[in-house]
Amino acid sequence: MAKHYIPNSAHKEEMLKEIGFSSIEDLFADVPKGFIKEFNLPEGKSEYEVFLEMNEILSKNKTVLEMPSFLGAGTYFHYIPAHVKYLIERSEFLTSYTPYQAEISQGMLQALFEYQSLIAELVGLPVVNASMYDWGSAMAEAALMTVRLHRGKRKKFVVPKHTHPERMQVLKTYAKGPGVEVITVKWNEKGQVDIEDLKEKVKDAAGVYVEIPNFFGLLEEEIEEIGKIAHEAGAYFVVGVDPTILGIVEAPGELGADIVVGEASYFGNPMNFGGPRAGIFAVRNDPKLIRQMPGRLIGMTKDAEGKRAFVMTLQTREQHIRRAKATSNICSNEALVAVAAAIHIATLGPRGIKELGEVILKNTAYLKKRLSEVAELPFDGVNFKDVLVRFEKPYPEIHNELLKRNIHGGYYVKPHFPELGESALFAATETTRKEWVDALMDALREVL
Amino acid sequence: MFRQAKWDEPLIFELSHPGRVGYTLPKPIEDVDVKIPEKLRRKSPLNLPEVSEPEVVKHYTRLSEMNYGVDSGIYPLGSCTMKYNPKINEELATHPKVAFLHPYQDERTVQGALKIMWELEQWLKEITGMDRFTLQPAAGANGEFTGVMIIKAYHLDKGETQRTEMLVPDSAHGTNPASAAMAGFKVIEIPSNENGTVDLEALENAVSERTAGLMLTNPNTLGIFEDEILEIAKIVHKAGGLLYYDGANLNAVLGKIRPGDMGFDIVHLNLHKTFSTPHGGGGPGAGPVGVKDFLKDYLPVPLVSYDEENDRYYLDYNVPKSIGKVKELFGNFSVLVRALTYLKIMGRDGLKEVSEVAVLNANYLTQKLKGTRGYELPHKELRKHEVVFSAEPMRRDTGVKALDVAKRLLDFGMHAPTIYFPLIVHEALMIEPTETATKEELDAYVEALKKISEEAYTNPEVVKSAPHNTAVRRVDDVLAAKKPIITWKMYKELKEKGEVDY
């Protein structure tokens, strides 16, 4: 049976005849014998049957709407204003390709220019690309970029040992290509970068990386100092940031960052089981940095009538022009995710961004206070979203008991950092409810 | 005649009015007093727009109206396949049971998500003839990087450290050499022969004990099937290299021919090309990578596995020689949901029908356009999913270039083909109608290209000054590169200095 959306299934004979072929097989005459075969796949089904089948499969998922969750560790449940979804699902956005023809793609180009602009204001650097795959890929490419900026004469990239494990793993894979050496710095008793250890390891580094907040959810108080140490050693300073904090924390660009990376999808995009996301990539307005940056850039220009217009620009850095000499292989990026983030940020405005940061900060502090009633908090400091909690019992046991009570506990940290013992990260955002925390506390009291 | 919306829409920053808000936020649980350390507290102003919700909605609605998508009309970008995306995919991909899932949830609470990934892998395995897939890569190029890193790991594991060269045909996508270079390989370009396929002699001369692999797409970017593929595979394998399949052009052979049967060891697919996922203006996509059995231990972690005895899906981190991770977490999950939905509806016969009609449409267009003054059809006539014409005669005769042809097509309400690619064809026009174009659309496209040829030879100015009917007139990309304005922040500074008048 012809599939419902393929129009010319109804005209095959007629079209073949018009162009002088007698059968579809003739169109595959150049394929060597034996290659064409019948696949062992199920028959197609009606849209309704697949709708039912997929719903049945999806029903086996239990979402954070059905079960209070304290999971964070790099992925957070934020509320997205309803209009964001409706706008990015407008099919002219949703079903368009990379804007190779600028004149017919002004909507997407301007929306991406606005994304770049909004992120620039948040991070405090004026040049932002149209997105990387995620924070991890942005950070990994930043590492490669700092090595290129040193023309390969420096190959060390210095990162805190307590960098998010997902990102660390992506960085390590990317580093294997050009042979970048990833050097880790210890954390101190406050769960922040050990400055003395950094000073020892920074020599000959191409770049130094730090996160706001760090993997333990803590603000690194010595960001500026770390930047100075990096710069004095001749290294570039790369800051990774959760942008939802930037209403209350100084822009990394103002704190000395040369490159800022981070996760844009925390705005405007649901968790989606971890993807799609969108990596932030921003640099200082320095031609040397701009020439070496990865990814697509949307620029403002004018059209033949002198009217303002938008276009993809500085493409000579990119793979479709420079091929093997490109700054990166990134081609498809996460444009729609970036546009959703832009719409959300624009909706919040300066006051909303600040308020969002404050509500998360306070909710985190509340969760932390309550957790301290029943467990040990290894680090003291200012937490944003994540809080590290150490238990005496094996955490997986506690986790199971919480699940039985329809509560999803935190993220088990021991597999990545065994030295931290039976610890887990519990997280709050603006979506966290008091009833959830109360239920968690009741459950923990029973379990511990 | 086509007329695109022209809204002269200001930037969102220019719509700002102090005091307007577009949001509501919940109050904090408790007004805990917590202070950001002085040296970290934000002191620099947050220059963000202050707009109300209806303004945001109208602004982005207007922008969308100045954008062209697959749902707007024909979009025959060669090698950047854009086909119709059934709306059911969207409905399921944005389902709350997808949206509200945290990736670190206990496996017992995400059995549906894991089943979707596992089922998708089974389909992709059969479609490609590969034995195991990772769904982690976020895009085709991310998949290519994954693939070449696997090739690298494989050779290093065998102690063959001298295999530092990656072979790439001169007709290849730019991402191939870029991905190989990122993985640390030296890129060796293999020329094409007069048929537009890999030159076997040049390949024989290029392979050596330094060869890590050959990256190939079949059919290639000219839309031509590499009919000597078994010979190519033999040459590469004999030299100890691996054969990598760039799946960007799988549309032509979907449901009929498997890369695995052609001798390929490793494959990446573009779910956003072949499996009907909308491309969102540049992403998200997804670029799963499949390998033959002997390479499965090198795949990124985690893989999705199924424990039949307990009927449970689980994330398997036990991949002994894994290259690590190429992206955080498990990939672009909602894109995977779209792909599986599509596959289930199409089924075995539907997929085959897709490639057959795509190939029919490409050849129909080829034959109808062939012989039109100004356009030349280089290489073989029989094409697969796409065809590359050269506008070189037109440029020579009239000064009208491929770029002008592309811009003029926009005036007809049709998206332009890919231009100036592959690099081996002068003034290239690469057209891929896909299976979703109707016969009437194909006829109209051919008519438009013929009309443009006529214009080029009688009134070339109308083509050179195109487009005329779009939201803006021809965009000055030289100025954009000469005076980069990447953000509002940069724009304001230049505007204050009086350096821009737009």
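Residues numbered from 1 in each chain as written. Chains lettered and ligands numbered in written order. Predicted model: local features only at pLDDT ≥ 70, side-chain atom pairs only at ≥ 80, totals over all residues. Heavy atoms only, no water.

Time to look at the overall build of chain A. For chain A, the count of helices and strands is 15 helices and 12 strands. Every one of the 448 residues in chain A was classed for burial, and the buried ones make up 68%. Partitioning the intrachain contacts of chain A with sequence separation of at least 6 by distance along the chain shows that 71% fall at a separation of at least 24. By element, 51% of the accessible surface of chain A is carried by carbon and sulfur atoms, the whole surface being about 14400 Å². (Helix = DSSP H or I, 4+ residues; strand = E, 2+ residues; numbered from the N terminus. Buried < 20%, exposed > 50% of the residue type's maximum accessible area, 1.4 Å probe, protein only. Contact = heavy atoms within 4.5 Å. Areas by Shrake-Rupley, 256 points an atom, 1.4 Å probe, with all protein chains shown as cover.)

Within chain B, the secondary structure is distributed over 16 helices and 12 strands. A principal-axis box enclosing the C-alpha atoms of chain B has dimensions of 70 × 70 × 45 Å. For chain B, buried positions account for 70% of its 502 residues. Here the analysis covers contacts within chain B between residues at least 6 apart in sequence; of these, 70% occur between residues at least 24 apart.

Counted as a void, the largest pocket has a volume near 1100 Å³. Lining the largest pocket are 48 residues, with Tyr 100, Gln 315, His 320 and Ile 321 of chain A together with Ile 419 of chain B positioned closest to its centre. Of all the secondary-structure elements, those providing two or more residues to the lining of the largest pocket are strand 9 (308–313) and helix 12 (319–322) of chain A together with helix 5 (140–157), helix 9 (271–274), helix 12 (402–411), strand 11 (418–419) and helix 15 (477–482) of chain B. Considered class by class, the residues forming the lining of the largest pocket number 24 nonpolar, 17 polar and seven charged. (1 Å grid on protein atoms, 1.4 Å probe; cavity = no way out; pocket = protein on both sides within 12 Å on 5 of 7 lines; lining within 4 Å. Points joined across faces, edges and corners; volume = space filled by probe spheres on them. Nonpolar A, V, L, I, M, F, W, Y, C, P; charged D, E, K, R; others polar.)

Successive side chains on a regular strand alternate, one facing one side of the sheet and the next facing the other. Residues and elements named next belong to chain B. Every second residue of strand 10 (residues 387–390) is oriented toward a common face, with Val 387 and Phe 389 on one face and Val 388 and Ser 390 on the other, all of them buried. The pairing of strand 10 with strand 12 (residues 428–431) spans four bridges and is classified as antiparallel. Bridge pairing links Val 387 to Ile 431 in strand 12. (Pairing = 2+ DSSP bridges.)

Contacts between the two partners involve 198 residues from chain A, matched on the other side by 217 residues from chain B. Taking both partners together, chain A and chain B bury about 18300 Å²; carbon and sulfur atoms supply 63% of that area. Our count for the contact surface shared by chain A and chain B stands at 24 salt bridges. A salt bridge links Asp 31 of chain B to Lys 362 of chain A; the nearest nitrogen and oxygen atoms lie 2.5 Å apart. For the pair chain A and chain B, the number of links is 115 residue pairs in polar contact (both at pLDDT 80 or more). Broken down by element, the residue count for the side of chain A that touches chain B peaks at 23 residues, all from helix 13 (residues 335–372) of chain A. Among the residues making up the side of chain A that touches chain B, the classes are represented as 95 nonpolar, 54 polar and 49 charged. (Buried area = accessible area lost by both parts, 1.4 Å probe. Salt bridge = Lys/Arg side-chain N within 4 Å of Asp/Glu carboxyl O. Polar contact = N/O pair within 3.5 Å; in protein donor to acceptor, adjacent residues only side chain to side chain.)

Residues and elements named next belong to chain A. Spatially, seven strands are ordered 1-7-6-5-4-2-3 in an open sheet, and the strand pairing comes out mixed. Each having just a single partner strand, strand 1 (127–128) and strand 3 (181–185) make up the two edges of the open sheet. Along the sheet, helix 7 (residues 135–149) contacts strand 2 (156–160), strand 4 (205–212), strand 5 (236–241), strand 6 (259–263) and strand 7 (279–283); its crossing angle with strand 6, the most-contacted strand, is approximately 165°. Its contacts with the sheet place helix 10 (residues 223–232) against strand 4 and strand 5, and it is angled at close to 150° to strand 5. (Axes fitted to C-alpha atoms, helices over the stretch in contact; angles between N-to-C directions.)

Our next topic: unusual backbone geometry. Each neighbour pair has its own omega, and for Gly 275 of chain A with Pro 276 of chain A the value is 0°, a cis peptide bond. Here Pro 276 of chain A shows up in the loop between strand 6 and strand 7. The residue after Ala 466 of chain B, namely Pro 467 of chain B, is reached through a cis peptide bond having omega 0°. Residue placement: Pro 467 of chain B occurs in the loop between helix 14 (460–464) and helix 15. Positive phi, normally seen in glycine, also occurs at Ala 73 of chain A, with a value near 55°. By the secondary structure assignment, Ala 73 of chain A is in the loop between helix 3 (47–58) and helix 4 (82–88). Ala 73 of chain A sits in the buried class, given a relative accessible area of 2%.

For the rest of this paragraph, the subject is the sheet that holds strand 12 (residues 423–427) of chain A. Sheets are built from strands paired through backbone hydrogen bonds, the pairs being either parallel or antiparallel. Residues and elements named next belong to chain A. An order of 10-12-11 is seen for the three strands of this open sheet, with the pairing classed as antiparallel. The two strands at the open ends of the sheet, each matched to only one other strand, are strand 10 (386–390) and strand 11 (411–412). One ladder, built from two bridges, connects strand 11 with strand 12; its direction is antiparallel. Of the residues in strand 12, the one forming a bridge with Tyr 411 is Leu 425. Each of strand 10 and strand 12 is contacted by helix 13, which is oriented at about 10° to strand 10, the strand it contacts most.

Take the environment of Leu 200 of chain B next. Turning to its location among the elements, Leu 200 of chain B is positioned in helix 7 (residues 200–206). Those residues in contact with Leu 200 of chain B, other than ones at most four positions away along the chain, are Glu 228, Glu 231, Ile 232 and Ile 235 of chain B.

With that out of the way, let us pick up a positive patch on the surface. Among the surface-exposed residues, Arg 151, Lys 153, Lys 288 and Arg 291 of chain A lie close enough to one another that they form a single positively charged patch. Counting through the fold element by element, Arg 151 of chain A comes out in the loop between helix 7 and strand 2. (Patch = residues over 30% accessible without salt bridge, like charges linked within 9 Å, V, L, I, M, F, W, Y side chains within 5 Å. Lys, Arg positive; Asp, Glu negative; His and termini not counted. Charge placed at Lys NZ, Arg CZ, Asp CG, Glu CD.)

Counting residues in hydrophobic clusters, the biggest one holds 175 residues, and the most contacted among them are Val 261 and Phe 281 of chain A. Residues in contact with Val 261 of chain A, not counting those within four places in the same chain, are Trp 135, Ala 138, Met 139, Ala 142, Tyr 209, Val 238, Val 239, Gly 240, Val 241, Ile 280 and Phe 281 of chain A. Residues Phe 35 of chain A together with Ala 113, Tyr 342 and Met 414 of chain B belong to the second largest nonpolar core, which totals 139 residues. (Core = buried A, V, L, I, M, F, W, Y, C linked by side-chain atoms within 4.5 Å.)

Residues and elements named next belong to chain B. Viewed as axis vectors pointing N to C, helix 10 (residues 333–369) and helix 13 (residues 439–458) meet at an angle of 30°, and their least axial separation amounts to 10 Å. Here helix 10 runs over helix 13; the crossing is right-handed. Contacts between helix 10 and helix 13 pair Asn 361, Tyr 364, Leu 365, Lys 368 and Leu 369 from the former with Lys 439, Leu 442, Asp 443, Tyr 445, Val 446, Leu 449 and Lys 450 from the latter. Across the contact of helix 10 with helix 13, the residue classes tally to seven nonpolar, one polar and four charged. (Left-handed = near helix turned anticlockwise from the far one by under 90°.)

On to the packing of aromatic side chains. Residue and element names in this part refer to chain A. Tallying each qualifying case throughout the model produces 31 aromatic pairs over all chains. With a centroid separation of 5.7 Å and an interplanar angle of 45°, the aromatic rings of Phe 215 and Phe 417 are classed as tilted. Taken as a pair, Phe 215 in the loop between strand 4 and helix 10 and Phe 417 in the loop between strand 11 and strand 12 lie far apart in primary sequence, 202 residues in all. Assigned by exposure class, Phe 215 and Phe 417 land together as buried. Taken together, the ring pairs in this structure connect Phe 70, Phe 391, Tyr 395, Tyr 412 and Phe 426 into an aromatic cluster. Between the NZ or CZ atom of Arg 167 and the centre of the ring of Trp 135, over which it lies, the distance is 3.4 Å. Above the face of the Tyr 266 ring, Lys 385 is positioned so that its terminal group lies 4.7 Å from the ring centre. (Phe/Tyr/Trp six-rings, centres within 6.5 Å; stacked < 30°, edge-to-face > 60°. Lys NZ or Arg CZ within 6 Å of the ring centre and 35° of its normal.)

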